[in-house]
Amino acid sequence: MPDFDISPILESWQFLATGIGVTILLSILSMAASVLLGTVLGIARVYGSRPLQLVITFYVDTMRSIPVLVVIVWIYFAVPILTGINFPPFWSALIAITIHITASVVEIVRAGVESIREGQCRAGLALGMSWPQVILNIVLPQAAIRMLPAIGSVLSVTIKDTAIASVIAVPEFMKRAETVASQSYQPMEVFTFAIFVYFLLLFPTTRTVDFIYRRIAHLGRS
Amino acid sequence: MTLDWSIVWLNKEALAEGALMTIVLTVLTMGLAVPLGIVLAFMRLSKWRSLALLSQCFVELFRNIPLILIVYWSFYVIPILIPVQFSAFTTGLVALVLCVSAYNAETFRAGINSVRHGQTNAGLALGMSQFQVMKEIILPQAARRVLPILATTWVSLFKDTSLVSVIAVGELSHVALQIRSQSFRVLEMLTAMAVIYWMMGYPQAKLSDWVRKKFEVKE
């Protein structure tokens, strides 16, 4: 068993810490964008016109069949050739991860919305509410609570996906750890440390979502 | 902007080999991760606390770190810890198996736990042994519930094999990215890569939907 020397981690702690910051920022931004877009598309998937439904289904199934790595690399390298606009790696990663995660959110929103019994919509309409009112005031609040566990696992997937952004040199934690590992020639220490960091980032996050869900699950019952 | 799509056709053999490697990786990983997942699930449910704890730690660890980090870790750290030099392929396979068996363990555990406890009691009351109850009552029902989740994991795994490209395993994305950097036909190669993944992944995604519908359990 070789010695465990953590000096490279201590020496570049600021470099690594800002990487963790970028990982968190990228995760929060892509998650927020995906939830927003996914909710809109998910509702359109259920209540929209038939052609719209088909287009959204096709988009979702396409994202289910293409690796996120491929989407990230394509957005970063191919989009500038097509449009002539160069995005910085961070923005490319944000766009690519959002496109990928939105597809998962669409499916979750669809399942959540469809789980609300139709009678409730009819009751709302019978009371004189408009469709947007029914969706916003009756369907979404209940569906949102039922969706929470699934959204929690998507959040965990999102954080893990940001590590893949290291292949286009987004200065997030995975990339930073890789840099420190190769410059210090101490990959064992640095990568093991990285495992700790990611675990400490992901484990409490998923546990918190589960905890919140257990506290509010009864609100989603009907 | 001039596009030259012939580059894709010129490299058809390399791309086909890469696609084959992607399939081989997916099949081998699942083939190893299913038995390992079953072992981990039974460890988790066993009476011995230390076994259960060990399994829980393994599962929680590998479910809560990015696969790409497991790949890097396996590539750089395993050779330091044990004096055996694995090929990139074996290393990638080990990383994938570690990750997927953790997911499978949770799947199997949830499947076994989803069979109501009353059924176990009923079996025991009828004079069956613990083993018989597991074999005759719980596992057949659990299997139905596990299969759709395994199908979903399969589709994710198929996509995740792309991540072993970072340690130069010659699967589809590594091959395509290599041709891209040698030929500078960036747009063509990246689009071809996406389309090939799509052609392989789309039927699998649809198949997993079908499995889900077919085996759905309603209580």
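Conventions used here
Residues numbered from 1 in each chain as written. Chains lettered and ligands numbered in written order. Predicted model: local features only at pLDDT ≥ 70, side-chain atom pairs only at ≥ 80, totals over all residues. Helix = DSSP H or I, 4+ residues; strand = E, 2+ residues; numbered from the N terminus. Buried ≥ 20, exposed ≤ 12 C-beta atoms within 10 Å, placed from the backbone. Contact = placed C-beta atoms within 7 Å. Nonpolar A, V, L, I, M, F, W, Y, C, P; charged D, E, K, R; others polar. Core = buried A, V, L, I, M, F, W, Y, C linked by C-beta atoms within 7 Å. Expected span 1.5 Å × (residues − 1). Bend = angle between axes of the 7 residues up to and from the residue. Axes fitted to C-alpha atoms, helices over the stretch in contact; angles between N-to-C directions. Parallel < 35°, antiparallel > 145°, perpendicular 65-115°, else oblique. Left-handed = near helix turned anticlockwise from the far one by under 90°.

A. Broad picture of the overall build of chain B. Regarding its fold elements, chain B presents 9 helices and 0 strands. Its helices and strands taken in sequence order, chain B reads α-α-α-α-α-α-α-α-α from the N to the C terminus. Summarising its shape, the C-alpha atoms of chain B cover approximately 75 × 45 × 25 Å along the three principal directions. A total of 219 residues make up chain B; the buried ones form 41% of that total. For chain B, contacts bridging at least 24 residues in sequence account for 77% of all contacts bridging at least 6.

B. Quick look at the interface of chain A and chain B. Contacts between the two partners involve 32 residues from chain A and, on the opposite side, 33 residues from chain B. Secondary structure elements with two or more residues in the side of chain A that touches chain B: helix H3 (50–65), helix H4 (68–83), helix H7 (131–164), helix H8 (173–184) and helix H9 (187–216) of chain A. For the side of chain A that touches chain B, the element with the most residues is H9(A), which contributes 10 residues. Tallied by class, residues from the side of chain A that touches chain B come to 25 nonpolar, 3 polar and 4 charged.

C. A look at the nonpolar core. By size, the foremost hydrophobic cluster in this structure holds 115 residues, and its most contacted members are Ile72(A) and Leu69(B). Each residue touching Ile72(A), except ones within four places of it in the same chain, is listed here: Ala93(A), Ala96(A), Ile164(A), Ala165(A), Val167(A) and Ile168(A).

D. Region of interest: helix H7 (residues 130–160) of chain B. In a regular helix each residue adds 1.5 Å, so 31 residues correspond to 45 Å; H7(B) covers only 38 Å between its end C-alpha atoms and thus falls short of that length. Ile138(B) marks the point of greatest bend in H7(B), at about 45 degrees, and the proline Pro140(B) comes within the next four residues. Along its buried surface, H7(B) packs onto H3 of chain A together with helix H2 (12–45), helix H4 (67–81), helix H5 (88–113) and helix H9 (186–215) of chain B.

E. Focus on unusual backbone geometry. For Ala169(A), which is not glycine, the phi torsion reads 60 degrees and is therefore positive. Here Ala169(A) falls in the partly exposed class, since 15 other C-beta atoms lie within 10 Å of it. Phi at Phe184(B) is positive, roughly 60 degrees, even though this residue is not glycine. Within the fold, Phe184(B) resides in the loop between helix H8 (172–183) and H9.

F. Examining the environment of Trp74(A) more closely. Its location among the elements puts Trp74(A) in helix H4. Separated by 18 residues in the primary sequence, Trp74(A) and Ser92(A) have C-alpha atoms spaced 9.2 Å apart. Setting aside its immediate chain neighbours within four residues, Trp74(A) contacts Leu190(B) and Ala194(B).

G. Seen up close, H4(B). Spanning 15 residues, H4(B) covers 20 Å between terminal C-alpha atoms, matching the ideal 21 Å at 1.5 Å per step. The axis of H4(B) is deflected most strongly, by about 35 degrees, at Ser74(B). All of the buried residues in H4(B) are Leu67(B), Ile68(B), Leu69(B), Ile70(B), Val71(B), Tyr72(B), Trp73(B), Ser74(B), Phe75(B) and Tyr76(B). Buried residues along H4(B) sit against H7, H8 and H9 of chain A together with helix H3 (49–63), H5 and H7 of chain B.

H. Just the packing of H7(A) against H9(A), in detail. Residues and elements named next belong to chain A. Running from amino to carboxyl end, H7 crosses H9 at an angle of 175 degrees, the nearest separation of the two axes being 9 Å. The angle between H7 and H9 falls in the class roughly antiparallel. Between H7 and H9, the contacting residues are Ile145, Leu148, Pro149, Gly152, Leu155, Ser156 and Ile159 on the first element and Leu201, Leu202, Thr205, Thr206, Val209, Asp210, Ile212, Tyr213 and Ile216 on the second. Taken together, the residues that form the contact of H7 with H9 break down as 11 nonpolar, 4 polar and 1 charged.

I. Main features of the packing of H5(B) against H7(B). Residue and element names in this part refer to chain B. Contact pair H5 / H7: the axes reach a minimum separation of 8 Å and the direction vectors enclose 155 degrees. It follows that H5 is roughly antiparallel to H7 by the angle criterion. By crossing handedness, the relation of H5 to H7 is classed as right-handed. Contacts from Leu96, Val100, Tyr103, Asn104, Thr107, Phe108, Gly111 and Ile112 of H5 reach H7 at Ile138, Ala142, Arg145, Val146, Ile149, Leu150, Thr153, Leu157 and Asp160. Split into classes, the residues belonging to the contact of H5 with H7 amount to 11 nonpolar, 4 polar and 2 charged.

J. Broad picture of the environment of Gly112(A). Residue and element names in this part refer to chain A. Along the chain, Gly112 turns up in helix H5 (residues 89–114). Judged by the 24 C-beta atoms lying within 10 Å of it, Gly112 is buried. Between the alpha carbons of Gly112 and Leu148 there is a distance of 9.5 Å; along the sequence they are 36 residues apart. Residues contacting Gly112, with those up to four places away along its chain left out, are Ala143, Arg146 and Met147.

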